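A structural walkthrough
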Amino acid sequence: MSNPDMKFLIVDDFSTMRRIVRGLLKELGYNNADEAEDGAVALTMMKNGSYDFVVSDINMPNMNGFELLKAIKAEETLKHIPVLMVTAEARKEDIVLAAQTGAAGYIVKPFTKATLEEKVQKIMQKLATA
């Protein structure tokens, strides 16, 4: 089901968390992933590269996940890219804000490979039928 050529961008200020997500993606058959330590770095990378999917933490310095999401949705060339938001707290207002801002999905850490796979597949299916 997974497209091994899909390019992911993992955005998190903790390198350990980026490594975990990268490892889980690899286990799911996605070997193509770059990492960014905050939203500002991620946005620059996105403008200069081509990505198919973004997995972004919400709480980050410089530019947080919501600011990154808004910036992505404001860019004509980037707004089609799905963004899966990752957070440590499942706060209702965060979930609402993520949906309103255009996040493709929402995942609470710590999460398992199965949860990540389910979210990514659901988002990809939605995109395929859009």
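Presented here is an overview of the structure given in this document. (Residues numbered from 1 in each chain as written. Predicted model: local features only at pLDDT ≥ 70, side-chain atom pairs only at ≥ 80, totals over all residues. Heavy atoms only, no water.)

**A word on helix α4 (residues 92-101)**
Taken together, the buried positions of α4 are occupied by Asp-94, Ala-98 and Thr-101. The arc enclosing the buried residues of α4, seen along the axis, measures out at 75 degrees, which places them on a common side. Among the exposed residues of α4, those pointing more than 90 degrees away from its buried face are Lys-92, Glu-93, Ala-99 and Gln-100. Buried residues belonging to α4 abut α3 (65-74), β4 (83-87) and β5 (105-108). One or two positions beyond α4, positive phi appears at Gly-102, with a value near 105 degrees. (Buried < 20%, exposed > 50% of the residue type's maximum accessible area, 1.4 Å probe, protein only. Helix = DSSP H or I, 4+ residues; strand = E, 2+ residues; numbered from the N terminus. Arc of directions from axis to C-beta. Contact = heavy atoms within 4.5 Å.)

**A short note on empty space enclosed by the protein**
One pass over the full model with this rule turns up 1 cavity of 30 Å³ or more. In this structure, the largest cavity spans a volume of roughly 40 Å³. Around the largest cavity, the lining residues are Ile-10, Val-11, Asp-12, Met-17, Val-21, Val-55, Ser-56, Asp-57 and Val-86. If one sorts the elements of the lining of the largest cavity by residue count, strand β3 (residues 53-57) sits on top with 3 residues. Here the residues of the lining of the largest cavity sort into 6 nonpolar, 1 polar and 2 charged. (1 Å grid on protein atoms, 1.4 Å probe; cavity = no way out; pocket = protein on both sides within 12 Å on 5 of 7 lines; lining within 4 Å. Points joined across faces, edges and corners; volume = space filled by probe spheres on them. Nonpolar A, V, L, I, M, F, W, Y, C, P; charged D, E, K, R; others polar.)

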